[in-house]
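Observations on the three-dimensional arrangement
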Amino acid sequence: MAFQIPDIQRIEKWLETLRSVSASSEYLERLEVLADLYLKQDGYEPALEYVEEILSHAPRIHIPQKKRIRLEMKVVECFLKRSLCAEAIERCKSIAVELSQSDDAELRARLQLLLSNAHWKMGDYAGATVVGKRALDLFLQLGDERSIAECYNMLGKTLLRLGQPGPAREQFEDA
């Protein structure tokens, strides 16, 4: 089901009424839905604003760590889509510190893939390769085929930029 701009406008109008009871769980859930809609419509600026608003309420309403980290990763996605790579890497570093105390391999793998994308966008192809391989290893352990394909694509793009079309092709074929 594809959302259209009128759907977004309708939800935004409805949120205005909920904003009076700021930090209610319903309000924050609707903000996240709206942020996701904007992400799908390539509206990274409003998506970033909504996710940041949710995160600003996190200490008061005790958002579970896993959900909060996923929201932080959405912020990184927005940064990357807006080519704010240095900010994305800084946010990844703070998330990594928090994840170092967690045993959630899926979140660590997803973070590595985001970090690989950030390095790639900055032109640090060697760094993107190292981090991409870490992400790939984690996703292989998890058996997440879609994410494994994303990693192979990232490694293929990176190897292509490094002037290695043969190995790049292998990565693309593995994807």
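Presented here is an overview of the structure given in this document. (Residues numbered from 1 in each chain as written. Predicted model: local features only at pLDDT ≥ 70, side-chain atom pairs only at ≥ 80, totals over all residues. Heavy atoms only, no water.)

For the rest of this paragraph, the subject is the overall build of the protein. For the protein, the count of helices and strands is nine helices and zero strands. For the protein, the α and β elements follow one another from N to C terminus as α-α-α-α-α-α-α-α-α. Residue burial in the protein is summarised as follows: out of 175 residues, 46% are buried. If you take every contact in the protein between residues at least 6 apart in sequence, the share linking residues at least 24 apart comes to 52%. In the form shown here, the protein has an accessible surface area of approximately 9,700 Å², with 52% of it arising from carbon and sulfur atoms. (Helix = DSSP H or I, 4+ residues; strand = E, 2+ residues; numbered from the N terminus. Buried < 20%, exposed > 50% of the residue type's maximum accessible area, 1.4 Å probe, protein only. Contact = heavy atoms within 4.5 Å. Areas by Shrake-Rupley, 256 points an atom, 1.4 Å probe, with all protein chains shown as cover.)

Quick look at the layout of surface pockets now. Taking a probe equal in size to a water molecule and rolling it over the atoms shows the remaining empty space. Within this model, the largest pocket holds a volume of roughly 530 Å³. For the largest pocket, the lining is made up of 17 residues, of which Glu77, Lys81, Leu114, Asn117 and Glu150 are closest to its centre. Taken together, the elements giving at least two residues each to the lining of the largest pocket come down to helix 4 (65-81), helix 6 (105-121) and helix 8 (145-161). No other element matches helix 6, which puts six residues into the lining of the largest pocket. For the lining of the largest pocket, the per-class residue count stands at eight nonpolar, two polar and seven charged. (1 Å grid on protein atoms, 1.4 Å probe; cavity = no way out; pocket = protein on both sides within 12 Å on 5 of 7 lines; lining within 4 Å. Points joined across faces, edges and corners; volume = space filled by probe spheres on them. Nonpolar A, V, L, I, M, F, W, Y, C, P; charged D, E, K, R; others polar.)

So, about the nonpolar core. Membership of the largest hydrophobic core comes to 37 residues, with the highest contact counts inside it found for Met73, Val76, Leu80, Ile95 and Leu99. At the level of secondary structure, the elements contributing two or more residues to this core comprise helix 2 (25-40), helix 3 (44-61), helix 4, helix 5 (85-99) and helix 6. Leu80 has contacts with Cys85, Ala88, Leu114, Asn117, Ala118 and Lys121, leaving out every residue within four places of it along the chain. Within the second largest apolar cluster, 14 residues are counted, among which are Leu136, Phe139, Ile148 and Tyr152. (Core = buried A, V, L, I, M, F, W, Y, C linked by side-chain atoms within 4.5 Å.)

Turning to a positive patch on the surface, a few remarks are in order. A surface patch of positive charge is lined by Lys81, Lys121, Lys157 and Arg161. Residue position: Lys121 is located in helix 6. Classification of Lys121 as partly exposed rests on a relative accessible area of 37%. (Patch = residues over 30% accessible without salt bridge, like charges linked within 9 Å, V, L, I, M, F, W, Y side chains within 5 Å. Salt bridge = Lys/Arg side-chain N within 4 Å of Asp/Glu carboxyl O. Lys, Arg positive; Asp, Glu negative; His and termini not counted. Charge placed at Lys NZ, Arg CZ, Asp CG, Glu CD.)

So, about the side chain of Thr129. Tracing the backbone through its elements, the reader meets Thr129 in helix 7 (residues 125-142). Using a relative accessible area of 11% as the deciding quantity, one classes Thr129 as buried.

This paragraph deals with the packing of aromatic side chains. Scanning the entire structure with this criterion turns up two aromatic pairs. The ring of Trp120 is capped by Lys157, whose NZ or CZ atom sits 4.1 Å from the centre of that ring. (Phe/Tyr/Trp six-rings, centres within 6.5 Å; stacked < 30°, edge-to-face > 60°. Lys NZ or Arg CZ within 6 Å of the ring centre and 35° of its normal.)

Counting through the fold element by element, Arg161 comes out in helix 8. It is 8.9 Å that separates the C-alpha atoms of Arg161 and Gly123, two residues lying 38 residues apart in sequence. With sequence-adjacent residues up to four places away left out, Arg161 is seen in contact with Trp120 and Tyr125. Looking at Arg161, its side chain comes within polar contact range of the side chain of Tyr125, at 2.8 Å. (Polar contact = N/O pair within 3.5 Å; in protein donor to acceptor, adjacent residues only side chain to side chain.)

Another aspect to go through is the packing of helix 7 against helix 8. Running from N to C, helix 7 and helix 8 cross one another at 160°; their axes reach a closest spacing of 9 Å. Comparing their axes, helix 8 and helix 7 come out roughly antiparallel. Judged by the sense of rotation from one axis to the other, the crossing of helix 7 with helix 8 is left-handed. Side by side, helix 7 and helix 8 meet where Tyr125, Ala128, Thr129, Gly132, Lys133, Ala135, Leu136, Phe139 and Leu140 of the first sit next to Ser147, Ile148, Cys151, Tyr152, Leu155, Thr158 and Arg161 of the second. Partitioning the contact of helix 7 with helix 8 into residue classes produces 10 nonpolar, four polar and two charged. (Axes fitted to C-alpha atoms, helices over the stretch in contact; angles between N-to-C directions. Parallel < 35°, antiparallel > 145°, perpendicular 65-115°, else oblique. Left-handed = near helix turned anticlockwise from the far one by under 90°.)

The analysis is restricted to geometry; functional conclusions fall outside its scope.
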